[in-house]
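# Architecture and fold: a report
What follows is the residue order along each chain.
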Amino acid sequence: MRFTQEQIDQAKQVPVERIAKFAGYTVVKKGRYFSLAEMDSLMINTRKNLWWRYSNGTHGNSIDFLIEFANYSFQQAVKECLEVANIDISFQQDEIKNYRKDYDNTSSREMKLPKRSDRFQRLYAYLMKKRKLSSDTIQFFIRKQLLYEEEKYHNIVFLGRDKKD
């Protein structure tokens, strides 16, 4: 099951103390923090919606809690957090599937090389100053048509050739 970044962010916002109760732990108030009756080295900060387990140095959000203490996978943890928050994901999952089908049906998967620039000024400057290549080395690869500067963004394009070319 795939989740959007928005769904993941929503899952992270579910209060950690609700997730702890969902996972079967007893949440107890300790001053301005919460802790677990089963594990007093764990503190839950409700203002930041994060937990810390001081005995082993782990910490995280609601998703991380389920991964750490309920042995959930990331996908299971996100799904459970969203269910605890009563967020319906069935409609959104259908949207994701339909988007992926549309994307997979694109007819052209052919790679197109970027347009070659007439000048190689930036190519030389970068390869000589930053990468410390000699001018002769750069010229060799340009003559063999294995290297060029593209026109629009002036990126360097490195080409590979098949044995039959």
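Below is a summary of the structure that appears in this document. None of these values were measured; they are calculated from a predicted model. (Residues numbered from 1 in each chain as written. Predicted model: local features only at pLDDT ≥ 70, side-chain atom pairs only at ≥ 80, totals over all residues. Heavy atoms only, no water.)

## Re the environment of Asn155
Residue position: Asn155 is located in the loop between strand 6 (147–149) and strand 7 (156–158). Along the backbone, Asn155 and Arg122 are 33 residues apart, and their C-alpha atoms lie at a distance of 8.5 Å. If we skip the residues at most four places from it in the chain, Asn155 touches Tyr148, Glu149 and Glu150. (Helix = DSSP H or I, 4+ residues; strand = E, 2+ residues; numbered from the N terminus. Contact = heavy atoms within 4.5 Å.)

## Examining helix 1 (residues 5–12)
Turning to helix 1, its buried residues are Gln7, Ile8 and Ala11. Along the long axis of helix 1, the arc covered by the buried residues comes to 100°, so they all point the same way. (Buried < 20%, exposed > 50% of the residue type's maximum accessible area, 1.4 Å probe, protein only. Arc of directions from axis to C-beta.)

## Regarding the pairing of strand 3 (residues 39–45)
Of all the 7 residues making up strand 3, 6 are buried; the element is thus mostly covered by neighbouring parts of the structure. Across 3 bridges, the pairing between strand 2 (residues 33–36) and strand 3 is antiparallel. Its bridge partner lying in strand 3, Leu36 is registered against Met39. With 4 bridges joining them, strand 3 and strand 4 (residues 50–53) adopt antiparallel strand pairing. By the bridge assignment for strand 4, Leu42 is matched with Arg53. Hairpin remark: strand 3 followed by strand 4, antiparallel, with 4 residues in the connecting loop; positive phi at Asn49, about 55°. (Pairing = 2+ DSSP bridges.)

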